[in-house]
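Listed here are the chains, written in short residue letters.
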2 protein chains.
Amino acid sequence: MARNLARILRGCGSLVPFMKTPARPPRSSSSSIPVRTLVEMLPSLFSSKPRDFSLPNSSWGEEMMRLYEHYNGHTETEGEENQERKWNRLPSYNRSLKYAAGGVYLSKLIQSKARLFTRNIRDPGAAFEYVLFIDKEKEKCVCIFQAGHLLEGPPGHVHGGAIATMIDTVTGTHASAISAPVLTANLNIDYRSPIPLGSTVLIESTLEKTEGRKLFISCKVTSTDGSKRHTDATALFVSVSIGHLLKG
Amino acid sequence: MARNLARILRGCGSLVPFMKTPARPPRSSSSSIPVRTLVEMLPSLFSSKPRDFSLPNSSWGEEMMRLYEHYNGHTETEGEENQERKWNRLPSYNRSLKYAAGGVYLSKLIQSKARLFTRNIRDPGAAFEYVLFIDKEKEKCVCIFQAGHLLEGPPGHVHGGAIATMIDTVTGTHASAISAPVLTANLNIDYRSPIPLGSTVLIESTLEKTEGRKLFISCKVTSTDGSKRHTDATALFVSVSIGHLLKG
């Protein structure tokens, strides 16, 4: 148990991207590659630097790019109190741990292939494209979300489960930034207006209060100009020890 | 608008699978294929018979198969009243409509590529493997769900959003069977115990009441022997006309 925990915690520090298995060079030619060249190739073949999925890619539409540039490193003056709010982008990877062993996984096979649900499709723009920003005081998070064609529920619109997934992701990331790690205890979601497939929306989360290990967060999904309210939600998270998860 | 609706309704009757684009024969050889052979080939190349994803495949584990065989066409005697309950399997496709045109989709490109969120990954066993059964009176639905490695949230466990997605799917399918089409109005989910990645669980939904266009459904996710309660939820659906969705 303690050994597993140590492995997990080590894993936390070394996030690993979803690497393509490097093509094996043909046996006949491998002997002709100088050892020095092979060693120089290693860092690129087995890079430990994870891919950050919350950076712009070619699938991001105009609205997504405009909002990304708006929030990225942006300081804005807000409300009647003229409060300044500085937004910081949060990186996003497709797996959280290199080694989560023991009782957590049913098999080594599952462990090696596990990928974060929201980042499990390689095709850019096909599913969840999103980037999160958090303010310095960690009171608010804002997420720009572009919904791809693989997220369909009602004809032409985003699946209720995909919206719930983004709400869980935004509020959960927010809660984790305040008190990591956390587990979702409750999600209560009012679906007010369907989100057209392919559109970009804003997801904003606000920390309402904390009570001991509990974090209460509210969340809304709106059109990017704020004029249309798509979804309202509240979320309750409980901060836990990583050991708690290992108990299965 | 009326024309779009007519196209959608026609689409409803002809569910279309996610077909691989058939390889184009080389130009040089096409002239040598007799016309009759080409015509005979058409049905297999452009089959309109959709693939039913709720049938067993090689990725289904022992527990999934055992439960599938238990519920499939099964009549069971239940409770103190000795009520008989006959379960009927519901088919499941990866898209609901062939033609949902007009204002619903932002572009023809999105329309042609749109896929149901829960069936958007081709690799069997990698994501959502599930099959739904409904009883003859439509009072209850039961779903056997095997959670694949691409659904990870907390290390080694299923993402809260993926659980919400399955709850929305099971309760929504249940509501649709009673009063199609419906839209999700509210989901309220209590996450009690995390679900290990790779495991098979039972999702049961019960119709609590109907009020006009509203359907109130409760839902629970348990271990397959019923001993462990993973998740409790309530869901509210509102029956709508297909035209309502087209207003987008």
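Bear in mind the structure is a predicted one, so any value in this text is a computation, not a measurement.

S.K.: Please clarify how the overall build of chain A should be interpreted in this entry.
M.R.: Check the secondary structure of chain A and you find seven helices and eight strands. Expressed as a percentage of its 248 residues, the buried residues of chain A come to 48%. Roughly 12,400 Å² of accessible area belongs to chain A as shown, and the carbon and sulfur atoms make up 53% of that amount.

S.K.: How should the confidence of the model for chain A be read in this particular structure?
M.R.: A low pLDDT score tells you not to read the predicted coordinates there in detail. All names here are of chain A. Considering every residue of chain A, the mean pLDDT works out to 79; 70% of them sit at 70 or more. In the predicted structure, residues 1–46 sits below a pLDDT of 50 and forms 51 contacts with residues beyond four places in sequence or in another chain. Interface confidence for the predicted complex, expressed as ipTM, amounts to 0.79; the pTM equals 0.79.

S.K.: Can you help me understand the interface of chain A and chain B in this one?
M.R.: Accessible area lost on assembly of the parts is the figure often given for the size of an interface. Counting residues at the interface gives 50 residues for chain A, matched by 50 residues for chain B. Buried surface at the junction of chain A and chain B, summed over both partners, amounts to about 4,300 Å²; 61% is from carbon and sulfur atoms. Counting the contacts that link chain A with chain B gives zero salt bridges. The interface formed by chain A and chain B holds 22 residue pairs in polar contact (both at pLDDT 80 or more) in total. Elements with a contribution of two residues or more to the side of chain A that touches chain B: helix 5 (108–113), helix 6 (160–179) and strand 5 (182–191) of chain A. Considering every element that reaches the side of chain A that touches chain B, the biggest residue donor is strand 5 of chain A, with nine residues.

S.K.: What exactly am I supposed to notice about unusual backbone geometry here?
M.R.: Outside of glycine, negative phi angles account for most residues, and trans bonds account for most peptide bonds. The phi dihedral of Lys138(A) is positive, around 60 degrees, even though this residue is not glycine. Along the chain, Lys138(A) falls in the loop between strand 3 (128–135) and strand 4 (140–147).

S.K.: What am I meant to see in the packing of helix 6 of chain A against helix 6 (residues 160–179) of chain B here?
M.R.: Two quantities define a packed helix pair, namely the angle between the helix axes and the distance between the axes. Here helix 6 of chain A crosses helix 6 of chain B at 155 degrees, and the two axes come no closer than 8 Å. Classified by the angle their axes make, helix 6 of chain A and helix 6 of chain B are roughly antiparallel. Of the two elements, helix 6 of chain A crosses helix 6 of chain B, and the hand of that crossing is right-handed. Judged by residue contacts, Gly160(A), Gly161(A), Ala162(A), Ala164(A), Thr165(A) and Asp168(A) of helix 6 of chain A engage Gly160(B), Gly161(B), Ala162(B), Ala164(B), Thr165(B) and Asp168(B) from helix 6 of chain B.

S.K.: It is not clear to me how the relation of the copies chain A and chain B should be interpreted in this structure. Could you clarify?
M.R.: A rotation about an axis combined with a shift along that same axis relates the two copies of the chain. Overlaying chain A on chain B yields an RMSD of 0.0 Å, the required transformation being a rotation through 180 degrees with an accompanying axial translation of 0.0 Å. Considering both components of the superposition, the chain copies are consistent with a two-fold axis. The C-alpha atom lying nearest the rotation axis in chain A is that of Asn188(A); the distance is 2.1 Å. Counting the interface residues of chain A, we find that 100% of their copies in chain B are interface residues as well, pointing to one common contact surface.

What counts and what doesn't
Residues numbered from 1 in each chain as written. Chains lettered and ligands numbered in written order. Predicted model: local features only at pLDDT ≥ 70, side-chain atom pairs only at ≥ 80, totals over all residues. Heavy atoms only, no water. Helix = DSSP H or I, 4+ residues; strand = E, 2+ residues; numbered from the N terminus. Buried < 20%, exposed > 50% of the residue type's maximum accessible area, 1.4 Å probe, protein only. Areas by Shrake-Rupley, 256 points an atom, 1.4 Å probe, with all protein chains shown as cover. pLDDT = per-residue confidence, 0-100. Contact = heavy atoms within 4.5 Å. Buried area = accessible area lost by both parts, 1.4 Å probe. Salt bridge = Lys/Arg side-chain N within 4 Å of Asp/Glu carboxyl O. Polar contact = N/O pair within 3.5 Å; in protein donor to acceptor, adjacent residues only side chain to side chain. Axes fitted to C-alpha atoms, helices over the stretch in contact; angles between N-to-C directions. Parallel < 35°, antiparallel > 145°, perpendicular 65-115°, else oblique. Left-handed = near helix turned anticlockwise from the far one by under 90°. Least-squares fit on C-alpha atoms with pLDDT ≥ 70 in both.

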